[in-house]
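Chain by chain, the residues:
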Amino acid sequence: MSSQKTRAEGSAARRSATSVDAFLGGRINVVQPRCGHRAGSDAVFLAAAVPAWSGERMLDVGAGVGVAGLCLLARVPRLAVTAVEIDEELCALARKNAERNGVSTNFTIVNADVVGGAKSHRDAGLVREGYDHVIANPPFYAEGSVRVAPDKERAAAHVMGAGEFSAWVRFLATFTSAKGQVTMIHRAECLRELLGLLEPRFGDLTVFPLFPKRGDPATRIIVQGRKGSRAQTKLLEGLVLHEADGRYTDEAEAVLRGGEALLLGSK
């Protein structure tokens, strides 16, 4: 019993340990767990791809500690951001991060399960077709395709349960306003499945690949679409992230440190 208690206490201590990390060249600083799922460049690129304007409403689905929403607010300060996160501890950190970065009046955190029922979403205060932009950085791996991390919070952030990917896309469509936009970042090898789920609900889909280095296959894709549109899917040139020596390219630096937008298409 004592060894089990020691392991439990050690696990709790690891979950409670945090670090303060800078994004956008120090324009925003966030507190996030040292262990488990940690926000990184994916959240920054996701935010950079959203063509938002002041006064619009944005829903960040699976927001973690709120990095994507905070990055977007650094570029569009008068945006209204609602962040949805299932993990209560991450919700608390996201709320503190909004305060830390002086955007509490524009940032609302909602503790809700994306794959929960419609009633739970209403009770959480989410508004059907209430958001001009809906973004998501969902768990990247299907259940059974990878070894699950022993840390359940980390596992939940990286592994999608059976049938949950389609439920996530239905959620995005439900809360995107008429003619609103959805923007997602995912692994490149999931493009076929992702387009198959999005196309019945969104048109004018744009695929923007992220390449580790010139000549390498893309490892990430950003996919953006407009609800109700019938325009065809477009594949853009994308962005190379690193030079041959490992340094970020100037274009990637402009997004990651300079906070510049990624232009995926016209507003």
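Now for a description of the structure that goes with this document. (Residues numbered from 1 in each chain as written. Predicted model: local features only at pLDDT ≥ 70, side-chain atom pairs only at ≥ 80, totals over all residues. Heavy atoms only, no water.)

## Things to note about empty space enclosed by the protein
Phase 1: Under the counting rule described, the total for this entry stands at one cavity of 30 Å³ or more.
Phase 2: If you add up the space inside the largest cavity, you get close to 60 Å³.
Phase 3: For the largest cavity, the full set of lining residues is L24, V44, A47, A48, C71, L72, R75, V255, G259 and E260.
Phase 4: If you list the elements that add at least two residues to the lining of the largest cavity, you get α2 (41-48) and α3 (67-75).
Phase 5: Residues that form the lining of the largest cavity fall into these classes: seven nonpolar, one polar and two charged. (1 Å grid on protein atoms, 1.4 Å probe; cavity = no way out; pocket = protein on both sides within 12 Å on 5 of 7 lines; lining within 4 Å. Points joined across faces, edges and corners; volume = space filled by probe spheres on them. Helix = DSSP H or I, 4+ residues; strand = E, 2+ residues; numbered from the N terminus. Nonpolar A, V, L, I, M, F, W, Y, C, P; charged D, E, K, R; others polar.)

## Thoughts on the packing of aromatic side chains
Phase 1: Counted under the stated rule, the structure contains one aromatic pair.
Phase 2: Here F171 and F175 contribute two aromatic rings whose centre-to-centre distance is 4.6 Å and whose plane-to-plane angle is 45°, an arrangement assigned as tilted. One end of the pair, F171, and the other, F175, are both in helix α7 (residues 164-175), four residues apart, so they sit about a helical turn from each other. A single burial state applies to F171 and to F175, both of which are buried. (Phe/Tyr/Trp six-rings, centres within 6.5 Å; stacked < 30°, edge-to-face > 60°. Buried < 20%, exposed > 50% of the residue type's maximum accessible area, 1.4 Å probe, protein only.)

## Describing the pairing of strand β5 (residues 107-111)
Phase 1: In this structure, strand β4 (residues 80-85) lies alongside β5, joined through five bridges in parallel fashion. What sits directly across from A83, in β5, is I109.
Phase 2: Note on the crossover from β4 through helix α4 (residues 88-100) to β5: the handedness is right-handed. (Pairing = 2+ DSSP bridges. Right-handed = clockwise from strand over helix to strand, strands pointing away.)

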